Amino acid sequence: MKALIIGCGIGGPATAMALRKTGIDAEIFEAYPDTAESVGSFLNVASNGLDALRVLGAHRRVLSAGIPTPRMVMWSGTGKRLGEVANGLALDDGTVSHTILRADLYRIVRDEALSHGIKISYGKRLVSFDDTGDQVTARFEDGTQETGDILIAADGVHSRTRAQLDPSAPKPRYSGLYSLGGLVHDPKFTGEPGVYNMVFGKRAFFGYTVAASGETWWFANLPRELGDVPADWKPVLVEAFRDDANFSAEVIERSEVASALPIHDLPPLPTWHKGRVVLTGDAAHATSPSAGQGASLAIEDAVVLARCLRATKDHRAAFERFENERRGRVEKVVAYSRTISNNKAAGPVARVFRDLMMPLFLKKLASQESLSWMYRHQVSL
Ligand SMILES: Cc1cc2nc3c(=O)[nH]c(=O)nc-3n(C[C@H](O)[C@H](O)[C@H](O)COP(=O)(O)OP(=O)(O)OC[C@H]3O[C@@H](n4cnc5c(N)ncnc54)[C@H](O)[C@@H]3O)c2cc1C
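Residues numbered from 1 in each chain as written. Predicted model: local features only at pLDDT ≥ 70, side-chain atom pairs only at ≥ 80, totals over all residues. Heavy atoms only, no water.

### Points about the nonpolar core
Side chains that are nonpolar tend, in soluble globular proteins, to be buried together.
Phase 1 of the analysis: Judged by nonpolar contacts, the single largest core of 77 residues is most densely connected at I5, L19, V62, L105, L151, I152 and L309.
Phase 2 of the analysis: With 10 residues, helix α9 (residues 294–311) is the single largest residue contributor to this core.
Phase 3 of the analysis: When neighbours within four sequence positions are excluded, L105 is seen to be in contact with I10, L43, V45, V62, I100 and A295.
Phase 4 of the analysis: L180, V184, L222 and I252 belong to the second-largest nonpolar core, a separate cluster that totals 20 residues. (Core = buried A, V, L, I, M, F, W, Y, C linked by side-chain atoms within 4.5 Å. Buried < 20%, exposed > 50% of the residue type's maximum accessible area, 1.4 Å probe, protein only. Helix = DSSP H or I, 4+ residues; strand = E, 2+ residues; numbered from the N terminus. Contact = heavy atoms within 4.5 Å.)

### Brief notes about the site of the ligand
Phase 1 of the analysis: Not every one of the 32 residues close to the ligand is listed here, only the nearest: G11, E30, N44, Y106 and D282.
Phase 2 of the analysis: At 3.2 Å from an oxygen atom of the ligand is found a side-chain nitrogen or oxygen belonging to R102.
Phase 3 of the analysis: In the environment of the ligand, an oxygen atom lies 2.8 Å from a nitrogen or oxygen atom belonging to the side chain of D282.
Phase 4 of the analysis: Expressed as a share of its isolated accessible area of 1,000 Å², the protein-covered part of the ligand is 86%.
Phase 5 of the analysis: Looking at the shell around the ligand, the elements that each hand over two or more residues are β3 (42–45), α4 (102–115), α8 (281–285) and α9.
Phase 6 of the analysis: Looking at the shell around the ligand, the element that brings in the most residues is α9, giving 4 residues. (Near = heavy atom within 4 Å. Polar contact = N/O pair within 3.5 Å; in protein donor to acceptor, adjacent residues only side chain to side chain. Areas by Shrake-Rupley, 256 points an atom, 1.4 Å probe, with all protein chains shown as cover.)

### A word on the pairing of strand β13 (residues 173–185)
Phase 1 of the analysis: Strand direction decides the pairing type here: β13 and strand β18 (residues 261–265), joined by 4 bridges, are antiparallel. Pairing of R173 across the sheet is with D265, part of β18.
Phase 2 of the analysis: In this structure, β13 lies alongside strand β16 (residues 215–223), joined through 9 bridges in antiparallel fashion. Looking at the pairing, H185 lines up with E215 of β16.
Phase 3 of the analysis: Sheet topology places β13 next to strand β17 (residues 256–257); 2 bridges connect them, and they run antiparallel. The partner of G182 across the bridge, within β17, is V257. (Pairing = 2+ DSSP bridges.)

### Concerning the packing of aromatic side chains
Phase 1 of the analysis: Per the counting criterion, the structure on display carries 14 aromatic pairs.
Phase 2 of the analysis: Residues F42 and F219 carry aromatic rings whose centres are separated by 6.1 Å and whose planes lie at 65 degrees to one another, so their mutual orientation is edge-to-face. Highlighted residues: F42 in strand β3 and F219 in strand β16, separated in sequence by 177 residues.
Phase 3 of the analysis: Residue classification places F42 among the buried positions, given a relative accessible area of 11%.
Phase 4 of the analysis: Residue classification places F219 among the buried residues on the basis of a relative accessible area of 16%.
Phase 5 of the analysis: Both rings, one in F200 and one in F205, keep their centres 4.9 Å apart while their planes meet at 75 degrees; by these two values the pair is edge-to-face. (Phe/Tyr/Trp six-rings, centres within 6.5 Å; stacked < 30°, edge-to-face > 60°.)

Below, the structure is given as structure tokens:
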């Protein structure tokens, strides 16, 4: 069996590696000439994502390139400490969630795939596919095409594959927030190692952590009309954080601000697969980044899909099994993450209520390990 994988983000290379382990040949097709990502942004690879990477033998380099961040401390914009919660739950061997530069994570999973002999073709933007029943052909913008037995979409939240698979599928929902980030090296900005600080500011949300290198890695979520993009984000952000009782405005002032992304998630899709084509990762179930789970879910998908394809020669039965196993979990994460995003975009009245309720909410999370369903989930090949 030959699988065509569309997209070389996080899920694409992970899926190719998982398939290779089960003896299925795979080739990746990526729209861009390279997978280089903006240097200013970083993401959280949660303990469950690290565990899934371990199944693929690809966790070590992620662990060494990332920084362990097992705790999150929440603050209000007035400087009040609202509480603390675990950022993931340690695995049995003590592994905790890690924060890693997005560019490093993309490079590592891509290099791991290459080291397994997987072919990656760049500059191949899928425009359509043709499922003849016996095979599937992917057609690319450069006029070339490729034929395989199955096509696996790992082409992200704005998936072209999804649009063709089910033209009536719900579109990504804008969360009302733009995400921006950056980093700065200044000893003045200190922070407790291993802690993600999350500040529910008066007008916007600010998160930061201090890396072992002394750099402060930060991101901001700014409530904003979709498409309302200023020529320069920095003054807009500085103004948004001006009245908060922390160093957010100053950190931003001294940083180069990386590109802004509008945050979307995806309502539940009626179908994840049709014929020889299946959706995975963000293409199937994009979540807002607030729960820090999107990348981890894409890696879990990779492992589960490969196992399902190994279990039966009938690709339809395998896709069905994959969807059955994954749908409930991913939809629960998307819903959970959306609740947090709504808190970040709260208006003035909701904000007062949120700041009052947050300590109770955090206490519940901290005391009951109530998120173990998310962080201790394990997948196997
Ligand atoms: C601001 C922000 C912060 C985030 N923070 C976190 C976090 O802390 N933790 C976390 O786990 N997740 C986070 N996420 C989510 C995470 O980045 C995604 O869930 C994850 O990257 C999904 O992997 P994927 O492989 O499905 O898609 P992607 O990583 O988006 O990869 C899709 C790939 O497909 C390619 N592509 C697109 N269209 C085509 C086409 N037509 N033909 C060929 N190739 C195509 C793209 O160029 C890209 O390389 C964050 C997301 C955002 C926007």
